[in-house]
Structure formats: structure tokens, C-alpha cells
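Architecture at a glance
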Amino acid sequence: MELDFETWRIEARSLLQKGVPPHLTSWELTQSFFTIADSELKPLPSPKVPKEFMELAALVACARDPQRWALLYRLIFRLNHENAKLLNVVVDEDVHKAQLLAKSVSKDIHKMHAFVRFKKAVIDGQETYVAWHKAEHYIVKLATPFFVRRFGDKPWSIFTPDGSAHWNMETLSFSEGMSQSDFEHDDPFDEVWKTYYRSIYNPARLKIKMMKQEMSPKYWSSLPEAEIIHELIRETPQRLQNMSQTEKFLAQVPDTFDWSEVKKSALSCNACPLASQATQTVFGEGNLHAELMIVGEQPGDEEDLSGSAFVGPAGQVLAQALEKAGVARESIYLTNAVKHFKWTPANASAGGGKARIHKKASGSEMHACKPWLEKEIELVKPKVILALGATAGIALYGRLVQIQKERGKVRTDSAYAKTLLISWHPSAILRATNSDEASLRFNDLVSDIQSALAATKS
Amino acid sequence: MSLPDWNLIKSKLSILADAAKYDASCSSSGSHRKRDAKGMGNVEGMGICHSYAPDGRCISLLKILMTNFCIFDCKYCVNRVSSDVKRAKFSPDEIVTLTLEFYRRNYIEGLFLSSGIIESSDATMEKLIQVAKTLRQVHRFNGYIHLKVVAGSSQELIEEAGLWADRVSANVEMPVQKDLDILAPAKTIESATTSMNQIAEKVSEAKEEQKKSFRFRAPKFAPAGQTTQMIVGATGSTDSLILNSSQSLYRKYALRRVYYSAYSPIPHSDVLLPTEQPQLVRENRLYQADWLLRFYNFEAQELVNDENPDLPLDMDPKSAWALRNRQYFPVDVNSAAREQLLRVPGLGVRNVERILQMRPHRKISLLDLGKLRVPLKRTKYFVITSDHNPDVFLLDSQHLKKNIAPESTQLSLFDIKQTAVSGEI
Ligand code: SF4
């Protein structure tokens, strides 16, 4: 049987009162003993026990160290005979040792609070939570009231090799310990936790030593997530490689202020995979000194074949809108956010023949192509930019723009131009589900072009 | 509530936890809550790290996004609208259930909830608030809750968030507006600092209220205060820009912490961004410098300036400062004032307190410092102790730098990380 703190306290008190010096005591049995004639002692009728000492001693008493009782007695003796402020001298050997032990015990308590993993069980028809944990020191009594404060609304038990704690929603009681092999509980929910653990780990920052320092392998046997640590570490190089291998593209724009030269190199751009699929680059065109620039999304089938922007059905709708708004096409600069056509073959068995179905450019393709647009803006320096459609919106606003909501609102804080506006892409007018919607959107487009025109004059 | 489909939840969790892992903050400290008699959960000041991922980071909270759909196109972010990642969305009830189940098994201290922006900032923020409110009101949950302010949320919603959460925070993301212009054209630093200001005002207001009403406890507002995060290394901004910006954030908005997150390559990342491994040493030097600002009375300008715009990577910022200011040393451990001791390389706040406590009882020697685990190899050049007076010649010598920070192998990232976490520099 181990000595406990209470017994030590009573013993130590009576030894102190008799004035027994530490070197004459022995604490190896369940009780202290000493051998000396009473007459040689200097009794101390009311020994002092400072509060800080009791706090320290309560922790040291839990340490798994056979020397702790003797150490505590030495300290209390010296506090009374040598220096009442001895505990402030943290470099004193006894004080230092006691503080190291106390620190180790506190840490162990903290780790128990952290690493207990409850499993849900139904015992005698009642929802109960059970856990098995192995602590370094004898801390079950000190560490478990924490779980009452936190989980007092449900019954639970925590088993450890040195003793177990049980909460029945009224009292906390303690019983014999239990070995891990006798603890037989499974909780399928552990899998959800492991999923989380796997996903929250950032492979770009692997630091195994740091993890082990904080979560020592000695605790791993009762941590469900520890089962996948090795696997996670093993897959790390592969994950990193996959990440760096996702291809990245960026158009290389020549460092010149000559528009034709820029266009010439754009015609041979093959920075992203779209180039190999399309017939040709469709670069912007129009008045190089325009005050208004209109930016569409990307070329369609007809643009791809002709090499000019806005010549297909959508282009015709735009032409009508420009005319109605009183804007001459030659006076403005027209371009697209992405310069190559993207498509998939139509399903031939469904009668699609050789038709090429337009496909939206992906995020990486949009980014790849953006330097061309930025160069066009830099060269033309329009006062006003009108973006048509969501793709142009992302390129120029830096976020998804809900056209319904934001058309008609003029933005004056853009880095690209003094005034930035957005409107429907003409293809959204062609795609409208009914003629009412189509004419509404068409009128919106016309009025947005008019506001853009007005802004060039302000 | 019907039983959730755990497989579906697991697949959403893998997407939405993955998307949240780039936010560095994990702290669950600084708040106090008692368990409600009818519910579970409490907060006892010090946060608990319930687990550690193989990246060495503490797992304290269930850190997830409500959704990774986002209308913004911030290039440093894996969730930007133009990224090709898989998308998912949790319902508020699913998040509530996950939080409760995780907490009940003692996996976590609580919830850290953030989100991509869907519809509008306010519509998104409302959903986050709904999660916190349901946890508190319906389930009587008193664990820790940290809500991220969705960029551009209205003041009203920020105020409501603080009623339910222990911590409410807004990320500045980048140290200066210029960086945002390049990488997140739709965001402004000002919108983040406006939110911070609103939070700061409410926090101090609530504290005042509580002081006045000693009988009836006024509702607390975000008792754990606020923090923010900056991503570093995604652009060329110097440490000087970063630290000056932190310093002004600390002064203006009473932040508890600024988190520095070395930009980590993300899947589907933008071409503008670096693809190398994150600059972890730099990140840690920033944390060390940050401690010096908060607890050692240093000014940002003392650590970085026009001549030295970046913190040296081969030594800690305090030693670097000491090398530039040798006239200040040696400092007598047995008589110097607290502020002077705090400036000695190798003496941390805690050890300075211990020294001050011990001084009346004992003359402090070099050996004593060793017992306090002061790194003597470095510190001995800068201090006078009862048995040691440093060679003034050495203190002035060109070799001092080599002596205090010998081969870089001795300064493993691990050691640096330790001091960055504990703040003992
Ligand atoms: S779409 Fe743009 S980036 Fe891609 S190849 Fe064509 S021009 Fe170059």
C-alpha cells in the first residue's frame, strides 16, 4: 500500500512538532519512522505550513517517485528551521526538485484532461460515457473533478491502471484500476473524428518531432486518431507532389507598348490547354484610344473560326444594343476575358453532328489569360469599362458578381478604370427562357451601355 | 432530430475541415463559462489542446467552414470562386450535431466556425450566428465558440455574434492594402478594421457594464476578445511592414493576438503565388518579434527599420537587437530593473520574475541562471552576475554574433518554434 497525502500530512506534523530532523526519518514504508531519543530533539510546538507549500505538496504527493515523501518532509522542516521564504529560492536543490515534480504532475493532469477519449455506451439502458487512460503519475483523484465540471449532465467512468473514477450525476467515486486489455468498448463515431484529424492536417508543414513532443507516443494507445498518424506521415510526400503538380499556366505578355506586337504574340500564345483545342486566338479590337472598353467572356464557335470578337449570334445582339444606345462600334474597344474558344463535341448519337458545344473556361484558364486583358487595358487606358457576364465580372471585380443585383451600380474604386460597370452578356439574352425576360435583359443592356457612355463624358 | 447520415457528414467534413486548415488560430483560452445545470461544457481560462496533427499544430477546436462556396476571388485562398476544388455545405444543424458529439467525447474545447461567402456577407453571417445561438440556447452548450466575422458583415450582426461567441474575429489577411489589391481585389483592409473597431468597442463596453452591475451580470460580449490573422510570404511585403501593421492593430483595437500564417501552397493555387514550402522560420521569427512587442516593451521600429527591413532568420529578434545595441550591456542581474532584464537575450518574462523574487534572498550566480534554464551560451555575454563579469572586449568584438548564434544547425526550427509558442525569448 502506498502512503497517501493525508497520512503523510499527519505524520509530518507530529514529526515536526517533535523536532525530528529529516536525515533521521525514513518514508519507505507506509509510515514514517525514526530512531533517536526524544531528549536530543528540539521540539517545535506550532510548526508553520505556508499555503504555497501545501499547494506544491499536494502535487508532489501524486508523483510517481518513491523519494517524494522524504523530499516534502525535508522542505517543510527547512521552511520552519532555515528560511520561511525558502520556496522563493527556486534554484535551491530541494525546491528545484519539488517544483520539477509538481510541474510534471500538473502537466500529466493537463494531458489527462486533453487526451481522455470518451466512448458512448449504453449500460443498463442508460447512456453512459466510458474512457480508458494511462497517466504517468497518481492523478486520478486530482484530475477527474474537471470532468464533473464539464460533463456533469451525463454519467461517465474513466478507467486507468492506477484507479478509476465514476460519476453517477451525484457523486464522484473511485475504485480499483483496470488494464487496457480489460477495457472493451467501441465507438463507431471514432471514424468521424479520424476523418476530421486527417483533413485538418496540413502536409506542407509536417513536423513530427513537434507533434510527439506535445502528444507523446506513450498516450497513443488510447487515442483513436493516433491509429492513422503513420499513414498520414507516409502519404505526405505524395500529397505534396500532387499539389505541386497541379498544372499552372500564365500567359507571357511581351514588354512593349505596341498594340500590334502584343496582338501578334497573343496569336501564338499556348500558355494553357485551350490553345490546342481552338482554331485561333481571338484578340480584342477596335479604337485603341477608346474611352469605353467592353469586356465579354470568351470567343464562341463563330469567333473561333473568324478570329474576330463578337461576330456570332451574341455579337449580333450586342451590335443591336450598341446601335440602340447610340454607340458606334468603331468608337469603342471590344475584347474578351479569355481569348480562346473552349468546347466539347456535341453528343453525335443525339443528332448533334459535328457541333462544338461552348464550355465555360475554368478558374485556372481564366487566370492564365488575364495578363492579356490587363495589357489591353494598360494600352487603351479606357475611362470606363463595361464588363459583360460573370466571367468578365470575376476578372474585373475580383469576385462573383450577381448581375441582376449589381448592374446599374457604378464602381469608381477599381484599379482598372475610373468607372467600372457590369451588365448581361448578350448570350444571357439569347438563353433567356421567355421573350419577356429576353427583352427585359436587352433593355437593361442598352441602358447600361448608355450609362457607360455617359460616364465617359463626365 | 432525425439521425444524421454519418457517411455524408464525413465526406462534407473532409472538404470543409480541409478548407479551414489554413487559418492558424486554434486558441481556446481567455474566457470563463460555467456549465449550465441542464447542459454540458465549460471554459476554464486556459485552453486545452486535445490533440496534435502531424504538422505539430494544436487541435483544440472543431475548426470548419460552414461552406467553401465563395463569391470572392482572393487568390491566396483555396476557396476562391475561380478555384477548381470540390465544394460542400453544412446546414447549421449538422454543425451543431458535430460539435456536440465531438465535445461529448472530449475531442475538442468547442467550435471555430468560419465560412466562404454565399449570397451576401450578412446572409452568411446570419447562418453562423444561428449555429452559435442554437448551441447556447437549445442545447445549453457552454464550451468555447469562436466565430469568424464574414468580411463586410453589418455592425448589427457583429454585435449579435458577440453575445453567443467567446471570441469574434476578423482577418486582415494581408499586412497592407497594396497586397490585397493584387491578391484580393474585392477586399479592403478598411472593411476588416471597421469590424475590428466595432468588436473592440463592444468588448470594452461590455466590460464596463459588468463592472457596474455587480449583482446582475450584464451579458458578456466576446469575453475572450478578438484576434486576427495575416498571411505572410504570399507577396513581397517586408517584416517591417508586417510588424508595424501589427503594432498599430494592437494599439487601436486591443487585439489579443495577431496570427501570422506563412503562406502554404494550396491545391489549385493561383499562378501569382509561390509554390515552395511555407517559410516557417520566418513565421516563427515574426511570432517571436510579436511577443517582444506585447510583453517586452519593444517598439516595432527597434526590431526592423529601413536598414533592416526583415528580421534575421539566423537568430532571434532580441539577440539581433542586442547586437545592434551593445552599449546597453552588460546588465547586472543582481541590481538591474525589470525593463532592463527583459532586454537581455535569453531572459524570458518568467525567468525575469523569478530573478526578481529571488534577489532579496540570494546573490544570483551564473550557475543559478543555468538552473533556470537560461541559455548561458548566449546570455553570458550580456550579464553581470555575482561570479561573472563578461569580457567587455568580447562584447565589442566582431565575433560576438558568431558566438551567440553558432552554426545554424543548433538553431533547429523546433527550438525556434518552442520559443515562438511560449514567448520565452
Ligand atoms: S486562353 Fe489565353 S492563356 Fe490560354 S492559350 Fe489562349 S490566349 Fe493563351
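These lines cover the structure that appears in this document, whether it is placed above or below. Predicted model only: the values in this text are computed from it and were never measured.

A separate point is the overall build of chain B. Counting its secondary structure elements, chain B contains 17 helices and twelve strands. Contacts in chain B between residues at least 24 apart in sequence constitute 68% of all its contacts with a sequence separation of at least 6. For chain B, the accessible surface area stands at approximately 17000 Å², while carbon and sulfur atoms represent 52% of it.

Turning to the interface of chain B and chain A, a few remarks are in order. Across the boundary between the two partners, chain B contributes 79 residues, which contact 73 residues of chain A. Summing the contributions of chain B and of chain A, the shared interface buries around 7000 Å²; its carbon and sulfur component is 60%. Summed over the shared surface of chain B and chain A, the result is five salt bridges. Our count for the chain B to chain A interface comes out at 27 residue pairs in polar contact (both at pLDDT 80 or more). Residue contributions to the side of chain B that touches chain A peak at six residues, all from helix H1 (residues 6-18) of chain B. Its residues assigned to classes, the side of chain B that touches chain A comprises 36 nonpolar, 19 polar and 24 charged.

Take helix H2 (residues 92-104) of chain B next. Turn by turn, an α-helix covers 3.6 residues, leaving residues three or four places apart pointing in a common direction. Residues and elements named next belong to chain B. When the terminal C-alpha atoms of H2 are compared, their 18 Å separation across 13 residues agrees well with the 18 Å that a helix rising 1.5 Å per residue should span. Taking burial as the measure, the 13 residues of H2 include eleven buried ones, the bulk of the element. Along H2, the residues that are buried comprise Pro-92, Glu-94, Ile-95, Val-96, Thr-97, Leu-98, Thr-99, Leu-100, Phe-102, Tyr-103 and Arg-104.

What follows covers the state of the cysteines. A covalent bond bridging the sulfur atoms of two cysteines is what the word disulfide describes. All names here are of chain B. The final tally for this structure, using the stated rule, is one disulfide over all chains. Note that Cys-49 is cross-linked by a disulfide to Cys-58, the S-S spacing being 2.3 Å. Across the S-S bond linking Cys-49 and Cys-58, the dihedral sits near -100°, which makes this disulfide left-handed. The closest cysteine sulfur to the non-disulfide-bonded Cys-74 is located on Cys-77, 6.2 Å from its own sulfur.

Take the pattern of salt bridges next. Tallied over the full model, the rule gives 45 salt bridges over all chains. Here Lys375(A) ties to Glu378(A) by a salt bridge, and the two come within 4.0 Å at their closest N and O atoms. Pair noted here: Lys375(A) and Glu378(A) are both in helix H14 (residues 363-380), with a separation of three residues, about one helical turn. Under the relative-accessibility criterion, Lys375(A) is labelled buried at 6%. Notably, a salt bridge pairs Arg362(B) with Asp368(B), separated by 3.2 Å at the nearest N-O pair. Note on Arg362(B): relative accessible area 29%, which makes it partly exposed. Three or more residues are tied together by salt bridges with common partners; here these are Arg74(A), Arg78(A), Glu82(A), Asp92(A) and Asp94(A).

Bringing helix H4 (residues 155-164) of chain B into the picture now. Residue and element names in this part refer to chain B. For H4, every residue scored as buried is listed here: Leu-157, Ile-158, Ala-161, Gly-162 and Trp-164. Within H4, the buried residues cover an arc of 165° as seen down the axis, which keeps them to one side. For H4, the secondary structure elements touched by its buried residues are strand E1 (31-33), helix H3 (121-138), strand E7 (144-148), strand E8 (167-169) and helix H6 (189-212).

A few words on the nonpolar core. Formed by 196 residues in total, the largest nonpolar core has its most connected members in Tyr73(A), Trp156(A), Tyr196(A), Leu13(B), Ile64(B) and Phe102(B). Ranked by residue count, the leading element in this core is helix H4 (residues 93-115) of chain A, at nine residues. Setting aside its immediate chain neighbours within four residues, Tyr73(A) contacts Trp8(A), Ala12(A), Leu15(A), Leu16(A), Val20(A), Pro21(A), Pro22(A), Thr25(A) and Trp27(A). Residues Ala266(A), Cys269(A), Ala361(A) and Ala395(A) belong to the second largest nonpolar core, which totals 38 residues.

As a further point, take empty space enclosed by the protein. All names here are of chain B. All told, the structure shown has six cavities of 30 Å³ or more when counted by the stated rule. Each pocket or cavity is described by its volume, and for the largest cavity that value is around 760 Å³. As for the largest cavity, its lining consists of 49 residues, of which Tyr-76, Cys-77, Asn-171, Glu-173 and Lys-187 are closest to the centre. When contributions to the lining of the largest cavity are tallied by element, the ones reaching two or more residues are strand E5 (61-65), strand E6 (110-114), H6, strand E9 (227-232) and strand E10 (257-262). Residue contributions to the lining of the largest cavity peak at four residues, all from H6.

This part takes up the sheet that holds strand E3 (residues 119-123) of chain A. What holds strands together in a sheet is hydrogen bonding between their backbones, with the strands either parallel or antiparallel. Residue and element names in this part refer to chain A. Spatially, E3-E4-E5-E6-E7 is the arrangement adopted by the five strands of the open sheet, whose pairing is mixed. Each edge of the open sheet carries a strand with a single partner, namely E3 and strand E7 (172-175). Averaged over neighbouring strand pairs, the angle between their axes works out to 25° when direction is ignored. Relative to E7, strand E6 (residues 163-167) runs antiparallel, the two sharing four bridges. When the bridges of E7 are listed, Ser-164 appears paired with Ser-175.

Reading the values: the criteria
- Residues numbered from 1 in each chain as written.
- Chains lettered and ligands numbered in written order.
- Predicted model: local features only at pLDDT ≥ 70, side-chain atom pairs only at ≥ 80, totals over all residues.
- Heavy atoms only, no water.
- Helix = DSSP H or I, 4+ residues; strand = E, 2+ residues; numbered from the N terminus.
- Contact = heavy atoms within 4.5 Å.
- Areas by Shrake-Rupley, 256 points an atom, 1.4 Å probe, with all protein chains shown as cover.
- Buried area = accessible area lost by both parts, 1.4 Å probe.
- Salt bridge = Lys/Arg side-chain N within 4 Å of Asp/Glu carboxyl O.
- Polar contact = N/O pair within 3.5 Å; in protein donor to acceptor, adjacent residues only side chain to side chain.
- Nonpolar A, V, L, I, M, F, W, Y, C, P; charged D, E, K, R; others polar.
- Expected span 1.5 Å × (residues − 1).
- Buried < 20%, exposed > 50% of the residue type's maximum accessible area, 1.4 Å probe, protein only.
- Disulfide = S-S within 2.5 Å.
- Arc of directions from axis to C-beta.
- Core = buried A, V, L, I, M, F, W, Y, C linked by side-chain atoms within 4.5 Å.
- 1 Å grid on protein atoms, 1.4 Å probe; cavity = no way out; pocket = protein on both sides within 12 Å on 5 of 7 lines; lining within 4 Å.
- Points joined across faces, edges and corners; volume = space filled by probe spheres on them.
- Pairing = 2+ DSSP bridges.
- Axes fitted to C-alpha atoms, helices over the stretch in contact; angles between N-to-C directions.

Any functional reading would require information that these geometric values do not contain.
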